[in-house]
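Observations on chain architecture
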Amino acid sequence: MNLDRILVTGGAGFVGSHLAQRLKQEHPDREVLVLDNLLRRGSELNLPKLREAGVVFVHGDIRCREDLANLPPFDLLIECSAEPSVHAGQSGSPLGLINLNLGGTVHCLEAARERGAALLFLSTSRVYPIAALNAARVHEGETRFVLEEEQDLPGLSAEGTSEAFPLEGARSFYGSTKLAGELLLQEYVFSFGMPALINRCGVLAGPGQMGKVDQGVVTLWVARHIFGIPLQYTGWGGKGKQVRDMLHVEDLFQLLQKQLARPELWDGRVYNVGGGLEVSASLLELTGLCRQATGKEIPIGSSPKTNPVDVRIYLSDARRVREEFDWSPQHSVRDIVTAIRDWIEENREELRPIFCS
Ligand SMILES: NC(=O)c1ccc[n+]([C@@H]2O[C@H](COP(=O)([O-])OP(=O)(O)OC[C@H]3O[C@@H](n4cnc5c(N)ncnc54)[C@H](O)[C@@H]3O)[C@@H](O)[C@H]2O)c1
């Protein structure tokens, strides 16, 4: 697999900008190009670090085929552009979300096919159906919900959700557009021999994420502590016991490096990617870590009503990707919180409008 020229779509966003910048740092001989329409508020703040790293930025939109057609040749496309909120399209028409997340992904697939390029797809744990995830056997611990060892559904254990988890049922429009993108990608692999991998990620976190109420919860939580803005535990009884695993974006980059070194595995296969039980926290626990990291306490309200697209607990059972690539996350939840705190403190005035309005 040739890797001389790499395109990162959504490359000004949280994940895309980190991967693009680190790829260029580690492989200065490669050309790294990013395409982004700067839809995500604050993504323009990631542009200077891309420029400094020697990454070329193109302002463009994956919904527009010409924008992709006009790009110079590339050997690998890393698809990181999306509306990444699970709440998108849930009230009102989902058409815009579908055009972006699915229509845009199809354009990326076509652009890669036309150039004989490989494609890495950043998918999501949200492809798993909500009702099935919420049917997991759990008990309520002091600070979090805990998965029982014995579970009724295949692909579910105390370690979390594996790739064998059933896919029947509704999963949000966001999750559906991502799953549809996965299915189409596998057709491109089958029909055109496109080298491709799918990483189904749990919560990704770290510096550079422009967290907001509906997406980027870890950054939002740290920022609200720093700027002294109240938060709320919403759903599941309003006690903040819902759990997510997390992965520092640098750990994702380290995985990418290992995946790029194994081209023989790029056959459209799917990996659950996340920190798993070891790197997980409930909101309540996250609050404790934020208090320690910032030295501040903020008021946290409670609203017991659960949003229909919310899940009580999600842990990535990432044993497949860990074993196949001899990879494991190196950053704890505490490391992630500390790194986000340092980033916000260092860029306080620039980030204030993002996190305070
Ligand atoms: N952040 C997470 O916790 C997480 C978890 C699982 C999967 N993912 C997936 O990872 C990918 C990256 O997510 P992220 O957290 O970096 O999101 P992000 O919002 O920070 O970045 C997405 C980028 O895509 C750009 N974009 C949006 N629409 C575009 C368009 N039409 N054309 C070109 N660019 C466009 C945005 O401006 C933004 O810079 C997404 O596909 C997301 O679904 C993210």
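Up top is the structure these notes are about.
Calculation criteria
- Residues numbered from 1 in each chain as written.
- Predicted model: local features only at pLDDT ≥ 70, side-chain atom pairs only at ≥ 80, totals over all residues.
- Heavy atoms only, no water.
- Salt bridge = Lys/Arg side-chain N within 4 Å of Asp/Glu carboxyl O.
- Helix = DSSP H or I, 4+ residues; strand = E, 2+ residues; numbered from the N terminus.
- Buried < 20%, exposed > 50% of the residue type's maximum accessible area, 1.4 Å probe, protein only.
- Axes fitted to C-alpha atoms, helices over the stretch in contact; angles between N-to-C directions.
- Parallel < 35°, antiparallel > 145°, perpendicular 65-115°, else oblique.
- Left-handed = near helix turned anticlockwise from the far one by under 90°.
- Contact = heavy atoms within 4.5 Å.
- Nonpolar A, V, L, I, M, F, W, Y, C, P; charged D, E, K, R; others polar.

1. Details of the pattern of salt bridges
Evaluated as defined, the whole model comprises 22 salt bridges. Notably, a salt bridge pairs Glu285 with Arg144, separated by 2.9 Å at the nearest N-O pair. One end of the pair, Glu285, is in helix α9 (residues 283-294); the other, Arg144, is in the loop between β6 (138-140) and β7 (145-147), and 141 residues separate them in sequence. Classification of Arg144 as buried rests on a relative accessible area of 16%.

2. Quick look at the packing of helix α7 (residues 217-227) against helix α12 (residues 348-355)
Put simply, α7 and α12 touch, their axes get as near as 11 Å, and they point 110° apart. Taken together, the axes of α7 and α12 lie roughly perpendicular to each other. In this structure, the crossing between α7 and α12 has a hand that is left-handed. Counted together, Thr219, Ala223, Arg224, Ile226 and Phe227 of α7 and Arg348, Arg352 and Phe355 of α12 form the full contact between these two elements. When the residues that make up the contact of α7 with α12 are grouped by side-chain class, the tally is four nonpolar, one polar and three charged.

3. Observations regarding the packing of helix α1 (residues 14-26) against helix α8 (residues 249-260)
Closest axis-to-axis distance for the α1/α8 pair is 10 Å, and the angle between their directions is 55°. By the criterion of interaxial angle, the relationship of α1 to α8 is oblique. At the point where α1 passes α8, the crossing takes the right-handed sense. Note on element contacts: α8 touches α1 through Val249, Glu250, Leu252, Phe253, Gln254, Leu256, Gln257 and Leu260, opposite Phe14, Val15, His18, Leu19, Arg22, Leu23 and Glu26. For the contact of α1 with α8, the residue count by class is nine nonpolar, three polar and three charged.

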